[in-house]
Amino acid sequence: MDTYDEHNPINPINQKELPERTELEEAQDYNMELKSKLKKVKNQIDELIEYAEVNKKTYLLGMLKKIKL
């Protein structure tokens, strides 16, 4: 039995569709994705620096330390 009536605001038929996302919201999501990817890249570079230090790879170590993120 359907307990919704036509004027009930919780009736799914009467609920508005979600508004379209604004450019700002899309940009914020994009920036969060980039931030996450940069964090992963920084961690990978840190691991490579550690590898270069342990294995005395001076050229590689110098090049890795030049990377600015």
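Residues numbered from 1 in each chain as written. Predicted model: local features only at pLDDT ≥ 70, side-chain atom pairs only at ≥ 80, totals over all residues. Heavy atoms only, no water.

Engineer: Would you mind going over the nonpolar core with me for this structure?
Structural biologist: Among soluble globular proteins, nonpolar side chains are generally buried collectively. One finds Ile-45, Ile-49, Ala-52, Leu-61 and Leu-64 forming the largest nonpolar core, which totals 5 residues. Breaking this core down by element, the ones donating at least two residues are helix H1 (23–54) and helix H2 (58–66). Beyond its immediate stretch of four places on either side in the chain, Ile-49 contacts Leu-61, Leu-64 and Lys-65. (Core = buried A, V, L, I, M, F, W, Y, C linked by side-chain atoms within 4.5 Å. Buried < 20%, exposed > 50% of the residue type's maximum accessible area, 1.4 Å probe, protein only. Helix = DSSP H or I, 4+ residues; strand = E, 2+ residues; numbered from the N terminus. Contact = heavy atoms within 4.5 Å.)

Engineer: How do you make sense of H1 when you look at a structure like this?
Structural biologist: Think of an α-helix as 3.6 residues a turn; residues three or four steps apart then line up on the same face. Spanning 32 residues, H1 covers 46 Å between terminal C-alpha atoms, matching the ideal 46 Å at 1.5 Å per step. Along H1, the residues classified as buried are Ile-45, Ile-49 and Ala-52. Looking at the packing, one finds that the buried side of H1 touches H2. Just past H1, the residue Lys-56 takes up positive phi, approximately 55°. (Expected span 1.5 Å × (residues − 1).)

Engineer: Hey, could you run me through the pattern of salt bridges in this one?
Structural biologist: Close approach of charged atoms allows side chains of opposite charge to pair. In the structure shown here, the tally under the stated rule is 2 salt bridges. Between Asp-29 and Arg-21 there is a salt bridge, with the nearest N and O atoms lying 2.0 Å from each other. Its salt-bridge partner being Lys-65, residue Glu-53 comes within 3.8 Å of it at the nearest N-O pair. Highlighted residues: Glu-53 in helix H1 and Lys-65 in helix H2, separated in sequence by 12 residues. Owing to a relative accessible area of 42%, Glu-53 belongs among the partly exposed residues under this scheme. Residue classification places Lys-65 among the partly exposed residues on the basis of a relative accessible area of 46%. (Salt bridge = Lys/Arg side-chain N within 4 Å of Asp/Glu carboxyl O.)

Engineer: Would you explain a nonpolar patch on the surface in this entry?
Structural biologist: Taken together, Leu-38, Val-41, Ile-67 and Leu-69 make up a surface patch of nonpolar side chains, about 330 Å² in accessible area. Tracing the sequence through the fold places Leu-69 in the segment after H2. Residue class for Leu-69 comes out exposed when judged on its relative accessible area of 52%. (Patch = residues over 30% accessible without salt bridge, like charges linked within 9 Å, V, L, I, M, F, W, Y side chains within 5 Å. Areas by Shrake-Rupley, 256 points an atom, 1.4 Å probe, with all protein chains shown as cover.)

Engineer: I tried to follow the packing of H1 against H2 on my own but got confused; where do I start?
Structural biologist: Orientation of H1 relative to H2, taken along the N-to-C sense of each, is 155°, at an axis distance of 8 Å. On the basis of their axis angle, the class for H1 and H2 is roughly antiparallel. The interaxial crossing formed by H1 with H2 has left-handed handedness. Only Leu-60, Leu-61, Leu-64 and Lys-65 of H2 make contact with H1, whose side of the interface consists of Ile-45, Leu-48, Ile-49, Tyr-51, Ala-52 and Glu-53. Residues of the contact of H1 with H2, tallied by class, amount to 8 nonpolar, no polar and 2 charged. (Axes fitted to C-alpha atoms, helices over the stretch in contact; angles between N-to-C directions. Parallel < 35°, antiparallel > 145°, perpendicular 65-115°, else oblique. Left-handed = near helix turned anticlockwise from the far one by under 90°. Nonpolar A, V, L, I, M, F, W, Y, C, P; charged D, E, K, R; others polar.)

Note that all results are geometric; they support no functional claim without further evidence.
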